[in-house]
Amino acid sequence: LSAGGGVIAVGLIHAVADLVELGLQRRFTSFLPLVPDPVGVTAEEMLETRREMTRYTRDMVLGSLGDSVRAGSGPQVTSIVAGMDAVAVYSLGTRLISMLEDVVNAVFGGSTLSVFGHLHGASDREAMTSTFRRLLGLTAGFCAAAMGGVVLFAGPFILLWLGPEFKESLLVVQILAVPHALMLMQYPAHSLLYTLGLQRSLMWVRCIGGVSVCVVGYLFGRIWGVSGVVAASALEVGICNTVVMSVLLS
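Residues numbered from 1 in each chain as written. Predicted model: local features only at pLDDT ≥ 70, side-chain atom pairs only at ≥ 80, totals over all residues. Heavy atoms only, no water.

### Details of helix H9 (residues 226–249)
So, point 1. Over its 24 residues, H9 runs 33 Å from end to end, which matches the ideal 34 Å to within 8%, given 1.5 Å per residue.
So, point 2. Along H9, the largest kink reaches about 30 degrees and is centred on Cys240. (Helix = DSSP H or I, 4+ residues; strand = E, 2+ residues; numbered from the N terminus. Expected span 1.5 Å × (residues − 1). Bend = angle between axes of the 7 residues up to and from the residue.)

Next comes the structure, spelled out in structure tokens:
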């Protein structure tokens, strides 16, 4: 179907697949009983809990929107300052980095959030702090080695599989490697801040970062082309994950 219908057909396939997934979720959860209201809790307390959950969810959604702006602005700005031909070069380099981020998120993402949530619910602040430091050490070591592997093998991979016309993608990887390694090294820090109810601060960081990447990326791109767009992204990630995250954690 996608071979005959082009990009529109691919989009329709994705949309139909999402609808099927939602339908299956509805089908498989239809037998679950509704959770009764807790005994001894007043209506005012229930209302305040719902408001708190709404605020938390709103901050998470807005933060995700900021991340989407950050991720989507690169190709858009690149097409403006360097033309559509440069978008593939930019996207390939960033995709190699994001593949590693997907792995780190799967290993150190939701699982660490669950651990911190359990310890925070038990009011064991000392255990939560020591667990955070141990996880931070594991994440830092793993991500440093993994990012080093990405940088070392990105060049041969690009030349062998895609050809020399994509060799500039290696420069994209090299520019992004250090700041993104710093971000991935402290992946448990985000889970800790979410657990402690500091998602509002992270939301502002993610939204401001997304907007700043668009503006600075455009200015740098006018001067240095694709490298300028990538440098703007690297600068934003580096500042947020060295200065800003350190302040929030302290």
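### A short note on the confidence of the model for the protein
So, point 1. Mean pLDDT for the protein: 88, with 98% of residues reaching 70 or above.
So, point 2. Here helix H4 (residues 110–121) is the element of the protein with the lowest mean pLDDT, 84, and helix H6 (residues 168–185) is the one with the highest, 93. (pLDDT = per-residue confidence, 0-100.)

### Things to note about helix H8 (residues 199–224)
Working note: α-helix, 3.6 residues per turn, so residues spaced by three or four point in the same direction.
So, point 1. Between its first and last C-alpha, H8 extends 35 Å over 26 residues, near the 38 Å set by a 1.5 Å rise per residue.
So, point 2. Looking at the packing, one finds that the buried side of H8 touches helix H2 (43–82), helix H7 (187–195) and H9.
So, point 3. Within two residues after H8, Gly225 carries a phi angle of roughly 70 degrees, on the positive side. (Contact = heavy atoms within 4.5 Å.)

### Remarks on the pattern of salt bridges
So, point 1. In this structure the tally under the stated criterion is seven salt bridges.
So, point 2. Of the charged contacts, one joins Arg70 and Asp67 as a salt bridge, the two residues approaching to 2.7 Å between their closest N and O atoms. Residue Arg70 and its partner Asp67 are located together in helix H2, separated by three residues, close to a single helical turn.
So, point 3. Taking the relative accessible area as the measure of exposure, Asp67 reaches 26% and is therefore partly exposed.
So, point 4. Between Asp67 and Arg206 there is a salt bridge, and its shortest N-O distance comes to 2.6 Å. Pair noted here: Asp67 is in helix H2 and Arg206 is in helix H8, with a separation of 139 residues, a long-range link.
So, point 5. One network of salt bridges, with partners in common, ties together Asp67, Arg70, Arg206 and Glu236. (Salt bridge = Lys/Arg side-chain N within 4 Å of Asp/Glu carboxyl O. Buried < 20%, exposed > 50% of the residue type's maximum accessible area, 1.4 Å probe, protein only.)

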